Amino acid sequence: MIVIGAGPGGLAAAMMLASKGYKVDLFEKQGYIGGRNASIELDGYTFDMGPTFLSMIHIAEEIFQASGKNLHEYVDLIELQEMYQLIFDDATIHMTRDEQEMIRRLNELSPGEGEGYKRFMDETRKKMNALTPILQSKMDRFHHYLRWRVLKAIPQLTVSKSLYEVLSSYFSDERIKLSFTFQSKYLGMSPWECPGAFSILSYMEHEYGIFHPKGGVNQLSKAMATAFEELGGTIHLNKGVKKLLLDGKKVKGVKLENGEEVFSDEVVINGDFAHAMNTLVDDGVLKKYSKKRLKKKKYSCSTFMIYLGVDKQYDLPHHTIVFAKDYKQNVEEITKTFTMPEDPSIYIQNASVTDDSLAPEGHSALYILAPVPSNFSRIDWEEQKQEFRNLVIKTIEEKTGYKDLEKHIQVEKMITPKNWEEDLFVYEGATFNLGHQLTQMMVLRPHNEFEELKNCWLVGGGTHPGSGLPTILESARITTEAIEKLHHSKPTTVKLPVEWRDAK
C-alpha cells in the first residue's frame, strides 16, 4: 500500500491501514512530516505552520483507538476554557466554553442575545446529530442520498440559506452574528455565500471545546507518524512522487522524483487535490478533473502568514481575531474582487501564554494570519509583501494589546500565497482547497474512491467531507474503511483438504 503525502489525512490513513496489517509506505516530498500541519522552528521558537485550533478531539481519539493506540499517550492536550477573543471597533467579545457564562456575556453586550445563543446551541445540536452520517460516510454515488440516515439529514443542509442568514435567525446584533459566522474562513469562504449547513462549525467549538496540544497542533501529525512507524509502516522523507504509474486507468504504483518505481495494489493520495491532478497524471488521462476543468472550479481564499519570535511575554489571550471595520467588504476583497485588503481582518495566536515550550524563557512565539485572495488575483506578492506585512503589524498595534510589537521582534518568517503555491504545492495558493459551495460538496466533490482512476483513493481537504482537521481525519477514516471493505469482499479461492473432497 502506498500513501502519497504526510499531511494529517495521509498520516491518519497510513496509521489505520498499518494497524489492519497492510504493508504501508508513505512518500513525502518535503524533509518533514505534517504537510500544512507541520511545525516551523526558528532560533528556539516553535510555530504551527497551519492549523492552530483543535476541536472535536474525539475523532482523533477514535482513529487512534481503531489503530490500537491511545492518543493521550502521544499528545498532551490542554483545553482552553477561554476559547478566543473577538475584537470589533466598538466591542470585544470573549468566547467561553461555559454556556451559562456565555449567555451572561452576550446579554450584557446586547440584551436578549443570550437566549438566541441557547436556541442556537440546542437546535444546531440536532442538526449536528443529523449531519454526522454524511460526514462519516462515503458519498460518491447519487443513490447514497437515498440512504435513510442521509435522507433525514438533507433538510439540515439548509440549502436555501447562507451561513449568515442562518445565524441571523438567532441573533440581531451584527457583531454577534459575525462571532458565529467567521468560522467560514476555515473553509476559505464568505459567510454570505457559505452554505447554512456550516453553522455546525461554530457550534462544534462551543460544544466540544478548543484544545492546544503542548508543542502545537503539529504534535497531532507527529503523534500519528510515531504510531504509524510503531505499527510497522515506513515514512520516506525527501522522496517526492513524480507520477502515478498507470495501466490504462488502473494505478499500479508510483514513479518517484529520483526515477525509482514502486508498485502497489492501492495508492492513497494526500497531496493538495488540484495540484496532484495537475502534476501526477499526464495530460489527456483525466476528463472530469482535467487541467482545463480544474481551472474552472471554485477555490478558497489564501492566507498571508507572519511568524514572529519576540523577546517579550504578552498577557493576552491564546487566540485573538481582529475584525475589519467593514467586514463584508473585507470578505468580498478576498473572495470576489480578488483585491489586496485595505483594512485586513487578522488572527493572532499567542500560544506561549498557554505553553512555555514554544519560546525561550520570557519570550513569545506569535502566529499571525490575514486572509487574502488566492493567486487567481495575480497579485505580485514579491512586490507587495513588505507593504502588506507593515499594514498587518500596524493594524495589530493599533487595535490590540500588542502595542509595541515591532520593537520586540527577534525572528520573523512570512508565507505568502506565492509561497503556498510554489514552496508548499498548494494549487493557486488556495490554502483551504476547493471551495465548499453546494456544487462542490458530497457527491459533487472528488470522491474518496477516486472516480477517474482505479485503485486510487483520496484523503484530505480536497475530497469528501472537506477542509478542516476534523473533516480531514474523517476523510481518512472513510477511505481506509472503504479499502478494508473492498479487500475483504474480494473472492478468494480456497483449496479443500483431500480428505474433505473425498468425503464429499
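What counts and how
Residues numbered from 1 in each chain as written. Predicted model: local features only at pLDDT ≥ 70, side-chain atom pairs only at ≥ 80, totals over all residues. Heavy atoms only, no water. Helix = DSSP H or I, 4+ residues; strand = E, 2+ residues; numbered from the N terminus. Rg over C-alpha atoms; globule rule 2.2 N^0.38 Å. Contact = heavy atoms within 4.5 Å. Areas by Shrake-Rupley, 256 points an atom, 1.4 Å probe, with all protein chains shown as cover. Lys, Arg positive; Asp, Glu negative; His and termini not counted. Charge placed at Lys NZ, Arg CZ, Asp CG, Glu CD. Axes fitted to C-alpha atoms, helices over the stretch in contact; angles between N-to-C directions. Parallel < 35°, antiparallel > 145°, perpendicular 65-115°, else oblique. Nonpolar A, V, L, I, M, F, W, Y, C, P; charged D, E, K, R; others polar. Salt bridge = Lys/Arg side-chain N within 4 Å of Asp/Glu carboxyl O. Buried < 20%, exposed > 50% of the residue type's maximum accessible area, 1.4 Å probe, protein only. Pairing = 2+ DSSP bridges. Core = buried A, V, L, I, M, F, W, Y, C linked by side-chain atoms within 4.5 Å. pLDDT = per-residue confidence, 0-100. Left-handed = near helix turned anticlockwise from the far one by under 90°. Phe/Tyr/Trp six-rings, centres within 6.5 Å; stacked < 30°, edge-to-face > 60°. Lys NZ or Arg CZ within 6 Å of the ring centre and 35° of its normal.

## Remarks on the overall build of the chain
When helices and strands are counted, the chain shows 16 helices and 20 strands. For 504 residues, the compact-globule estimate of 2.2 N^0.38 gives 23 Å, and the C-alpha radius of gyration of the chain, at 23 Å, lies within 12% of that figure. A separation threshold of at least 6 residues defines the contact pool for the chain, and within that pool the share at least 24 residues apart is 71%. Carbon and sulfur atoms provide 50% of the accessible area of the chain, an area that totals close to 20,900 Å². With 61 positive and 70 negative side-chain charges, the chain shows a separation of 9 Å between the mean positions of the two kinds.

## Describing the packing of helix 1 (residues 8–19) against helix 2 (residues 57–66)
For any two helices packed against each other, one specifies the inter-axial angle together with the distance between the axes. Viewed as axis vectors pointing N to C, helix 1 and helix 2 meet at an angle of 30 degrees, and their least axial separation amounts to 9 Å. With respect to helix 2, the axis of helix 1 lies roughly parallel. Within the contact between the two elements, helix 1 uses Ala12, Met15, Met16 and Ser19 and helix 2 uses Ile63, Phe64 and Ala66. Residues of the contact of helix 1 with helix 2, tallied by class, amount to six nonpolar, one polar and no charged.

## Points about the pattern of salt bridges
This structure, assessed with the given rule, holds 34 salt bridges. A salt bridge links glutamate 79 to arginine 97, with the shortest nitrogen-to-oxygen separation between them at 2.3 Å. Within this pair, whereas glutamate 79 is found in strand 6 (residues 77–79), its partner arginine 97 is found in the loop between strand 8 (91–96) and helix 3 (99–109), the two being separated by 18 residues in sequence. Glutamate 79 sits in the partly exposed class, given a relative accessible area of 28%. Among the salt bridges present, the one from glutamate 428 reaches arginine 378, with a minimum N-O distance of 3.1 Å. Separated by 50 residues along the polypeptide, glutamate 428 in the loop between helix 14 (417–422) and strand 20 (456–458) and arginine 378 in the loop between strand 18 (364–372) and helix 13 (381–399) bring together distant segments of the chain. By sharing partners, the salt bridges in this structure join Glu82, Glu101, Arg104, Arg105 and Glu108 into a single network.

## Overview of the sheet that holds strand 11 (residues 241–247)
Sheet architecture is open: three strands sit in the order 11-12-13, paired in antiparallel fashion. Each edge of the sheet is formed by a strand with only one pairing partner; in this case those strands are strand 11 and strand 13 (261–263). Neighbour to neighbour, the strand axes of the sheet diverge by 30 degrees on average, direction disregarded. One ladder, built from six bridges, connects strand 11 with strand 12 (residues 250–256); its direction is antiparallel. Bridge pairing in strand 12 places leucine 244 opposite valine 254.

## Looking at the pairing of strand 4 (residues 45–48)
Neither face of strand 4 is open: one carries Tyr45 and Phe47, the other Thr46 and Asp48, and all of them are buried. Pairing of strand 3 (residues 39–42) with strand 4, which is carried by four bridges, proceeds in the antiparallel orientation. Bridge assignment links glutamate 41 to a residue of strand 4, and that residue is threonine 46. The turn linking strand 3 back onto strand 4 is made up of two residues, and aspartate 43 within it adopts a positive phi angle of 45 degrees.

## Details of the nonpolar core
Counting residues in each nonpolar core, the largest one holds 104 residues, and the members touching the most others are Val24, Leu86, Phe171 and Phe180. At eight residues, helix 1 tops the list of elements feeding residues into this core. If near-sequence neighbours (up to four positions away) are discounted, phenylalanine 171 is found in contact with Leu106, Glu113, Gly116, Tyr117, Phe120, Ile176, Lys177 and Phe180. Among the nonpolar cores identified, the runner-up in size contains 29 residues, and Val267, Val281, Tyr427 and Leu434 belong to it.

## Some points on the pairing of strand 18
Taken across its nine residues, strand 18 has nine buried, putting it largely inside the fold. Both faces of strand 18 are covered, namely the face carrying Ser364, Leu366, Ile368, Ala370 and Val372 and the face carrying Ala365, Tyr367, Leu369 and Pro371. Where strand 15 (residues 302–310) meets strand 18, nine bridges bridge the pair, whose relative direction is antiparallel. When the sheet's bridge partners are listed, valine 310 is paired in strand 18 with serine 364. Alignment of strand 17 (residues 346–349) against strand 18, held across three bridges, turns out to be antiparallel. Within the sheet, the bridge partner assigned to tyrosine 347 lies in strand 18 and is leucine 369.

## So, the sheet that holds strand 6
Across the sheet, which stays open at both edges, the three strands sit in the order 5-9-6 with antiparallel pairing between neighbours. Two strands in the sheet have a free side with no partner beyond their single neighbour: strand 5 (54–55) and strand 6. Across three bridges, the pairing between strand 6 and strand 9 (residues 210–213) is antiparallel. Directly across from leucine 77, in strand 9, lies its bridge partner proline 213.

## Some points on the confidence of the model for the chain
Residue-level pLDDT values for the chain average 92, and 92% of them are 70 or greater. Low pLDDT (under 50) marks residues 491–504, which in the prediction has one contact with non-local residues, meaning those over four places away or in another chain.

## Quick look at helix 12 (residues 327–335)
Within the sequence span of helix 12, burial applies to Tyr327, Asn330, Val331, Glu333, Ile334 and Thr335. Buried residues in helix 12 make contact with helix 7 (174–179) and strand 18.

## Overview of the packing of helix 1 against helix 9 (residues 218–230)
Relative to each other, helix 1 and helix 9 sit at 25 degrees, their axes nearing to 9 Å. Of the possible angle classes, the one that applies to helix 1 and helix 9 is roughly parallel. Once helix 1 is placed against helix 9, the crossing between them reads as left-handed. From helix 1, Pro8, Leu11, Ala12, Ala14, Met15 and Ala18 reach across to helix 9, where they touch Ser221, Met224, Ala225, Ala227 and Phe228. The residue inventory of the contact of helix 1 with helix 9, partitioned by class, reads ten nonpolar, one polar and no charged.

## A few points about the packing of aromatic side chains
Scanning the model with the defined rule gives 28 aromatic pairs in all. One aromatic cluster in this structure is built from Phe47, Phe53, Tyr84, Phe88, Tyr164, Phe182, Trp192, Tyr307, Phe323, Tyr327, Tyr347 and Tyr367. Above the ring of phenylalanine 425, the side-chain terminus of lysine 29 is found at 4.9 Å from the ring centroid.

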